[in-house]
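Structure at a glance
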Amino acid sequence: MKLLQKYDIFSELSEWKLFQIADSVKLRTFKDNQKIIKNGPQSEKMYIIRSGAVRASIGNFFLKDLTENESFGDITYENQNKNTKPQTFMSVGKTECYIIEKELYEEIIDFHVGKTLDKIFDARDVSFPLEDLYFIREIGAG
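First things first, this report covers the structure right here in the doc. Each chain carries its own residue numbering, running from 1 in the direction its sequence is written. Where totals are concerned, whole chains, interfaces and linings use all residues; where local detail is concerned, this predicted model gives features only for residues with pLDDT of at least 70, and gives and counts side-chain atom pairs only at 80 or more. The basis for every side-chain value is the complete set of non-hydrogen atoms in the structure, without hydrogens or water.

Moving on, we come to the overall build of the chain. When its secondary structure is counted, the chain shows two helices and six strands. Going from N to C terminus, the chain has its helices and strands arranged as α-β-β-β-β-β-β-α. A 1.4 Å probe rolled over the protein chains alone gives each residue an accessible area, and that area as a share of the maximum for its type sets the label: buried under 20%, exposed over 50%, partly exposed in between. The proportion of buried residues among the 142 residues of the chain is 29%. Any two residues whose heavy atoms approach within 4.5 Å at even a single point are treated as in contact. Long-range contacts, defined as pairs at least 24 residues apart, comprise 75% of the intrachain contacts of the chain with a sequence gap of at least 6. To measure how exposed things are, a 1.4 Å probe is used in the Shrake-Rupley method; for residues, cover is taken only from the protein chains shown. Of the accessible surface of the chain, which amounts to about 10200 Å², a share of 51% is contributed by carbon and sulfur atoms. Secondary structure elements follow DSSP: runs of H or I of four or more residues count as helices, runs of E of two or more count as strands, with numbering from the N terminus.

Here it is, written out as structure tokens:
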């Protein structure tokens, strides 16, 4: 659990939620030059690099290297145009990744969206005296 708290995506979650995640997240080790995923709409996983590096490419075209604490996976590319070429992610040296299933990822993201909305609404001053209101027209009756 303490290890997961280092990652931004988990930083604001409650201890109970972290326990649930720690119980659900899988840690997998990949050998050098091992294909981790080939992106496509069929996969429902997200990966967070614990150690090592991952090379992202499209065909033979190198995109970038990802390192510790960075994430990749089909969940993060879910809204991409289905006609784009899939990206391939290969390990560079021995690499360890946390694997998060789509359902768990969506719960975490829902939490962060909710916290952000709470902050927005808390920042708004919605208190005002009743005398500041005036009648324009009736919207409905019931």
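Back to the write-up after that little detour.
This part covers the pairing of strand 6 (residues 88-101). The pairing criterion is simple: DSSP has to find at least two bridges between the two strands. The pairing of strand 1 (residues 26-30) with strand 6 spans five bridges and is antiparallel. Among the inter-strand pairings, Phe-30 is bridged to a residue of strand 6, identified as Thr-95. Bridging between strand 2 (residues 35-38) and strand 6 involves three bridges; their strand directions are antiparallel. Across the sheet, Lys-35 pairs through a bridge with Met-90, a residue of strand 6. Here 11 bridges tie strand 3 (residues 45-58) to strand 6, and the two strands are oriented antiparallel to one another. Within the sheet, the bridge partner assigned to Ser-51 lies in strand 6 and is Glu-96.

The criterion for an aromatic pair is that two Phe, Tyr or Trp rings (for Trp, the six-membered ring) have centres within 6.5 Å, with stacked assigned to planes under 30 degrees apart, edge-to-face to planes over 60 apart and tilted to the rest. For the structure shown, the criterion picks out two aromatic pairs. Taken together, a centroid distance of 5.1 Å and an interplanar angle of 5° make the contact between Tyr-47 and Phe-72 stacked. Residue Tyr-47 is found in strand 3, and its partner Phe-72 is found in strand 5 (residues 71-73); the two are separated by 25 residues along the sequence. A relative accessible area of 0% means that Phe-72 is categorised as buried. Here the aromatic rings of Phe-72 and Phe-89 are separated by 4.7 Å at their centres, their planes lie at 25°, and the arrangement is stacked. Taken together, the residues span a long stretch of sequence, with Phe-72 in strand 5 and Phe-89 in strand 6 at a distance of 17 residues.

A few words now on the nonpolar core. Nonpolar core, defined: a set of buried Ala, Val, Leu, Ile, Met, Phe, Trp, Tyr and Cys residues in which side-chain atoms within 4.5 Å join the residues together. In terms of nonpolar packing, the biggest core is built from 14 residues, with Phe-10, Ile-21, Ile-48 and Ile-100 touching the most fellow members. Only helix 1 (15-24), strand 3, strand 6 and helix 2 (102-123) provide two or more residues apiece to this core. The element best represented in this core is helix 2, accounting for three residues. Membership of the second largest hydrophobic core comes to 12 residues, among which are Phe-30, Ile-37, Val-54 and Phe-72.

The subject of this paragraph is the environment of Leu-18. If you trace the backbone, Leu-18 turns up in helix 1. When the C-alpha positions of Leu-18 and Leu-4 are compared, they lie 7.5 Å apart, and in sequence the two are 14 residues distant. Ignoring sequence-local partners within four residues, the contact set of Leu-18 consists of Met-1, Leu-4, Gln-5, Phe-10 and Leu-13.

With that out of the way, let us pick up the pattern of salt bridges. The term salt bridge refers to a side-chain nitrogen of Lys or Arg lying within 4 Å of a carboxyl oxygen of Asp or Glu. In the structure shown here, the tally under the stated rule is three salt bridges. Across the salt bridge formed by Arg-50 and Glu-96, the nearest N and O atoms sit 3.6 Å from each other. Placement of Arg-50 in strand 3 and of Glu-96 in strand 6 is noted, with a sequence separation of 46 residues between them. For Glu-96, a relative accessible area of 19% gives the class buried. For Asp-65, the salt bridge identified is with Arg-55, shortest N-O distance 2.8 Å.

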